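This is what each chain is made of:
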Amino acid sequence: MKDIARELGVSVATVSRALQDSPRISAEQRQRIQAYAREHKFIPNAVAESLRRSRVAPQKIIGVIVPQITHYYFSTILSGIEEEASNRGYSIIVAQSDEQYEREVRICDSFMGYRVCGVIVSQAKDTLRYEHFQRLLETNVPIVFYDRICTGLNTSRVVVDDYQGAFTAVKHLINTGCRRIAFYGSNMHLEISKNRYNGYRDALLEHGLSPDPSLRFECDNRSDAEALTPQLLSRDDRPDAIFAINDDTAIGILYTAKRLGLHVPDDLSICGFTNGERAIACDPMLTTVEQRGHQVGVEAVNILLDHVEGNRPLDKVERKVVKTRLIVRGTTREAMEG
């Protein structure tokens, strides 16, 4: 506000009143000051304003953006973030982007207003522009990405080994006798979808199988899986296995296959990726890749606070990969001998 007052030749009190839309100054003056503030991306510090009135000491706060809180994997990451942040004396503010770019932008702006010390974020599916993240970085607010990372910015990140997890899963399907393996994934602009597809593809190639483009689909949720799968399974050259990018999609495939009268895993093998609670609530229980979300959250907090507390320079990024493991259950056959 001092900067605005100096540039416009008014008092700080006048700027404050204008930004609060006070009738004590003229409408023309209010509009002039508000327009300048918008143009220069001035965001009121809500925390500071609150503290000015209450005289309570500020807390150390981390902003966390979750695409969907109800998603099992994200909830386990959030648990790890909250637990480790609390152990280190920090609080968290959690916001859900609901997979919407515009909402994600507003959340970042609000975090700037609350003067969070750092942000941990998994970007929304449709995020293709990164100016909102760049604004945080330009104000020395460190960012750590998890799961869905932003390749357009040189920032620290924590991911699971998506490539190796997919490779191991598809190798298991091949070792059980499957030869026509379909891939259900997300939009390929997302790194996790690229990495899991590459693991799927390379497992096929290593075993002398050519990836079939007609068996590759953009499908990453249960409802879409239930809509897509009947047509796929009605083909004369239907697949004998499907590898899905997450458990919800895999369970949609399982439900559909059973409804069509197919026996899993004899007629169709299915493998997911998450190892959430639903994986053991279906019949048969789901073979899947365990992601270890709690550990991802812990690692993300520790990396972020290394930046915040000065133990790691902001321009020195950390890339942490959390290992996965395959959990074999009833939706895949036993491996063939030899």
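Note that the structure is a prediction, hence the values are computed from the model and not measured.

About the thresholds
- Residues numbered from 1 in each chain as written.
- Predicted model: local features only at pLDDT ≥ 70, side-chain atom pairs only at ≥ 80, totals over all residues.
- Heavy atoms only, no water.
- Helix = DSSP H or I, 4+ residues; strand = E, 2+ residues; numbered from the N terminus.
- Buried < 20%, exposed > 50% of the residue type's maximum accessible area, 1.4 Å probe, protein only.
- Contact = heavy atoms within 4.5 Å.
- Areas by Shrake-Rupley, 256 points an atom, 1.4 Å probe, with all protein chains shown as cover.
- Lys, Arg positive; Asp, Glu negative; His and termini not counted.
- Charge placed at Lys NZ, Arg CZ, Asp CG, Glu CD.
- Pairing = 2+ DSSP bridges.
- Axes fitted to C-alpha atoms, helices over the stretch in contact; angles between N-to-C directions.
- Salt bridge = Lys/Arg side-chain N within 4 Å of Asp/Glu carboxyl O.
- Parallel < 35°, antiparallel > 145°, perpendicular 65-115°, else oblique.
- Left-handed = near helix turned anticlockwise from the far one by under 90°.
- Nonpolar A, V, L, I, M, F, W, Y, C, P; charged D, E, K, R; others polar.

Pulling in residues and values, what's your account of the overall build of the protein?
When you go through the protein residue by residue, the secondary structure sums to twelve helices and twelve strands. Its C-alpha atoms give the protein principal-axis dimensions of about 80 × 40 × 35 Å. Burial statistics for the protein: of 338 residues in total, 48% are counted as buried. Counted over contacts in the protein with a minimum sequence separation of 6, partners at least 24 positions apart contribute 73%. Surface summary for the protein: the accessible area is close to 16400 Å², and the carbon and sulfur share equals 46%. Here the protein carries 43 positive and 45 negative side-chain charges, and the mean point of each set is 6 Å from the other.

I'd like a rundown of the sheet that holds strand S9 (residues 269-274), residues and numbers included.
The six strands are arranged S7-S6-S8-S9-S10-S12 in an open sheet whose pairing can be described as mixed. Each edge of the sheet is formed by a strand with only one pairing partner; in this case those strands are strand S7 (216-218) and strand S12 (325-327). Adjacent strand axes in the sheet meet at a mean angle of 20 degrees, parallel and antiparallel pairs treated alike. Alignment of strand S6 (residues 181-185) against S7, held across three bridges, turns out to be parallel. Paired with Tyr-184 across the bridge in S7 is Phe-217. Contacts from helix H8 (residues 162-175) reach S6, strand S8 (241-244), S9, strand S10 (287-290) and S12, with the element oriented near 165 degrees to S9. The strands touched by helix H9 (residues 191-206) are S6, S7, S8 and S9; relative to S6, the strand with the most contacts, the crossing angle is about 175 degrees.

Explain the side chain of His-172 to me, using residue names and the numbers behind them.
Tracing the backbone through its elements, the reader meets His-172 in helix H8. Assessed through its relative accessible area of 11%, His-172 is described here as buried. For His-172, the residues in contact, after removing those within four places along its chain, are Thr-287, Leu-326, Val-328, Thr-332 and Arg-333.

Residue-level account of the environment of Val-15, with values.
Along the polypeptide, Val-15 turns up in helix H2 (residues 12-19). For Val-15, the residues in contact, after removing those within four places along its chain, are Met-1, Ile-4, Ala-5, Val-10 and Ile-33.

Before we move on, could you go through the pattern of salt bridges and cite the residues and values that matter?
Using the criterion set out here, one finds 16 salt bridges in the structure. Among the salt bridges present, the one from Glu-191 reaches Lys-194, with a minimum N-O distance of 3.3 Å. With a gap of three residues between them, Glu-191 and Lys-194 both fall in helix H9, about one helical turn apart. Here Arg-222 ties to Glu-226 by a salt bridge, and the two come within 2.6 Å at their closest N and O atoms.

Give me the packing of helix H10 (residues 222-233) against helix H11 (residues 247-259): which residues, what numbers.
Two elements in contact, H10 and H11, have axes whose closest approach is 8 Å; the angle formed by their N-to-C orientations is 45 degrees. One finds that H10 runs oblique with respect to H11. When the axes of H10 and H11 are compared, the crossing they make is right-handed. Contacts between H10 and H11 pair Arg-222, Ala-225, Glu-226, Thr-229, Pro-230 and Leu-233 from the former with Asp-248, Thr-249, Ile-251, Gly-252, Ile-253, Tyr-255, Thr-256, Ala-257 and Arg-259 from the latter. The residue makeup of the contact of H10 with H11, split by class, is seven nonpolar, four polar and four charged.

Requested: an account of the sheet that holds strand S11 (residues 319-322), with residues and values cited.
On the basis of which strands lie adjacent, the open sheet formed by six strands has the order S2-S1-S3-S4-S5-S11 and parallel pairing. Of all strands in the sheet, those with a lone pairing partner are strand S2 (91-96) and S11, marking the two edges. Each adjacent strand pair in this sheet contributes to an overall mean axis angle of 15 degrees, direction not counted. Pairing geometry for strand S1 (residues 61-66) and S2, over six bridges, is parallel.

Honestly, it's all geometry; don't read function into it.
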